[in-house]
Amino acid sequence: GQQVMQIPQYQHVQEGEDFTTYCNSSTTLSNIQWYKQRPGGHPVFLIQLVKSGEVKKQKRLTFQFGEAKKNSSLHITATQTTDVGTYFCAGTSGTYKYIFGTGTRLKVLA
Amino acid sequence: DVKVTQSSRYLVKRTGEKVFLECVQDMDHENMFWYRQDPGLGLRLIYFSYDVKMKEKGDIPEGYSVSREKKERFSLILESASTNQTSMYLCASSLYWVAGGPETQYFGPGTRLLVL
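Let me sum up the structure you'll find in this document. Sequence order as written defines residue numbering, which begins from 1 separately in each chain. As a convention, the first chain written is A and the first ligand written is 1, with the rest following in written order. Residues qualify for local features only when their pLDDT is at least 70, as the model is predicted, and side-chain atom pairs are given and counted only at 80 or more; totals for whole chains, interfaces and linings, by contrast, use all residues. For the side-chain quantities, the full set of heavy atoms in the structure was used; hydrogens and water were omitted.

Residues and elements named next belong to chain A. Strands are treated as partners if at least two bridges between them are detected by DSSP. We count a stretch as a helix when DSSP gives it H or I for four or more residues in a row; a strand needs E for two or more, and each element gets its number in order from the N terminus. Sheet architecture is open: five strands sit in the order β1-β3-β8-β7-β6, paired in antiparallel fashion. If you trace the sheet from one side to the other, it starts and ends with β1 (4–7) and β6 (55–58), each paired once. Averaged over all pairs of adjacent strands, the angle between their axes in this sheet comes to 15°, without regard to strand direction. By the bridge criterion, five bridges tie strand β7 (residues 61–65) to strand β8 (residues 71–76) in an arrangement that is antiparallel. Considered in β8, the bridge of Phe 65 is made with Ser 72. Angles here are taken between N-to-C directions and fall from 0 to 180 degrees, while the axes themselves are lines fitted to C-alpha atoms, restricted in helices to the stretch in contact.

Attention now moves to the interface of chain B and chain A. In what follows, residue pairs with any heavy atoms lying within 4.5 Å of each other are defined as contacts. In this complex, chain B contributes 24 residues to the contact, which on the side of chain A involves 22 residues. When chain B packs against chain A, the two sides together hide about 1800 Å² of surface, and 56% of this comes from carbon and sulfur. Each polar contact in these results corresponds to two N or O atoms within 3.5 Å; when the atoms are within protein, one needs to be able to donate a hydrogen and the other to accept it, and residues that are neighboring in sequence are counted only if both atoms are side-chain atoms. Applying the counting rule to chain B against chain A returns three residue pairs in polar contact (both at pLDDT 80 or more). The leading source of residues in the side of chain B that touches chain A is strand β5 (residues 42–51) of chain B, at five residues. The classification used treats Ala, Val, Leu, Ile, Met, Phe, Trp, Tyr, Cys and Pro as nonpolar, Asp, Glu, Lys and Arg as charged, and all other residues, Gly among them, as polar. Residue composition of the side of chain B that touches chain A, by class: 13 nonpolar, eight polar and three charged. By convention, the term buried area covers the 1.4 Å-probe accessible surface removed from two parts as they join, with the contributions of both added.

Counting rule for disulfides: a pair of cysteine sulfur atoms within 2.5 Å. For the coordinates displayed, the defined rule picks out two disulfides over all chains. Bridging A:Cys23 to A:Cys89, the disulfide has an S-S length of 2.0 Å. Here A:Cys23 and A:Cys89 share a disulfide; its torsion about the S-S bond, 75°, makes the bridge right-handed. Taken together, the residues A:Cys23 in strand β3 (residues 19–25) and A:Cys89 in strand β9 (residues 85–92) connect sequence positions 66 residues apart. Accessibility classification places A:Cys23 together with A:Cys89 in one group, the buried group. Shown here is the disulfide that connects B:Cys23 with B:Cys91, its sulfur atoms set 1.8 Å apart. Each residue gets one of three labels from its accessible area relative to the maximum for its type: buried under 20%, exposed over 50%, partly exposed in between, using a 1.4 Å probe on protein chains only.

Moving on, we get to the layout of surface pockets. Quantified by volume, the largest pocket comes out at close to 620 Å³. Listed by contribution, the elements that provide at least two residues to the lining of the largest pocket are β1, β9 and β11 (104–109) of chain A together with β4 (31–38) and β9 (87–94) of chain B. Residues that form the lining of the largest pocket fall into these classes: nine nonpolar, 14 polar and five charged. Every definition here rests on a 1 Å grid over the protein atoms only: cavities are sets of points where a 1.4 Å probe fits but cannot get out, pockets are open sets enclosed by protein on both sides within 12 Å along at least five of seven lines, and lining residues have some atom within 4 Å of a point. Grid points are joined across faces, edges and corners, and a volume is the space filled by probe spheres set on the points.

Further remarks concern the pattern of salt bridges. Residues and elements named next belong to chain B. We count a salt bridge whenever a side-chain nitrogen from Lys or Arg sits within 4 Å of a carboxyl oxygen from Asp or Glu. What the rule picks out here adds up to nine salt bridges over all chains. Arg 73 serves as the salt-bridge partner of Glu 22, at 3.8 Å between the closest nitrogen and oxygen. On the criterion of sequence distance, the pair formed by Glu 22 in strand β3 (residues 19–25) and Arg 73 in strand β8 (residues 73–78) is long-range, its members being 51 residues apart. Classification of Glu 22 as partly exposed rests on a relative accessible area of 23%.

Before going further, it helps to spend a moment on the packing of aromatic side chains. Put simply, two rings from Phe, Tyr or Trp (the six-membered ring, in Trp's case) pair if the centres are within 6.5 Å, and we call them stacked under 30 degrees between planes, edge-to-face over 60, tilted for the rest. In this structure the tally under the stated criterion is 12 aromatic pairs over all chains. Between B:Tyr35 and B:Phe107, the ring centres sit 5.7 Å apart and the planes meet at 40°, which makes this aromatic pair tilted. Residue B:Tyr35 is found in strand β4, and its partner B:Phe107 is found in strand β12 (residues 106–107); the two are separated by 72 residues along the sequence. A relative accessible area of 1% means that B:Tyr35 is categorised as buried. With a relative accessible area of 5%, B:Phe107 lands in the buried category. A connected cluster of aromatic rings, assembled from ring pairs, spans A:Tyr35, A:Phe45, A:Phe88, A:Tyr98, A:Phe100, B:Phe33, B:Tyr35, B:Phe48 and B:Phe107.

Everything listed here is a matter of coordinates, which is why it stays silent on function.
Rendered as structure tokens:
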């Protein structure tokens, strides 16, 4: 069946360092979304990418959708303690076939 | 702001009990979803509904059923709870479908269910 894997599963960084999480699908995706879940909280929508090769930025966050639409990445520049949480990608493959990635838990050390 | 509420934050039930988890959204969204979240497995879709009285199975529907009698309310039912259904349950809603998938999903706070 369709799988969406994220790497790494965990990442500890020093505050100010950059961070990247990668999302890889076994099938082509029609779109991809990214969510952030703070510790003890619920997932909150960050962004959606639809076009092949699309790049979007939100302040220190850069999101990219691969040319083949099978992978995506989220890059955070100069992490801050407020970036702590688990980042999930979620992709659509076919009608009503929507799956979340396994998540990357980010810890930022002050 | 969209608000998605869930009936309980924490729930403890015994094996074999029938369990109802309720979810209500206040933004007239067409689509509602039930997920369970387990460490290392991310969020897995149990069921979703794209309209009143309509439901579709997600990836892991076994042992669960759902009910959507009103647009704003989506219930998850564990017919006979088992210990492997101990998990965090998250409800979500979205307004549209985009490119075959839900547009922005808004999540409720979650219900942490423990089945003894």
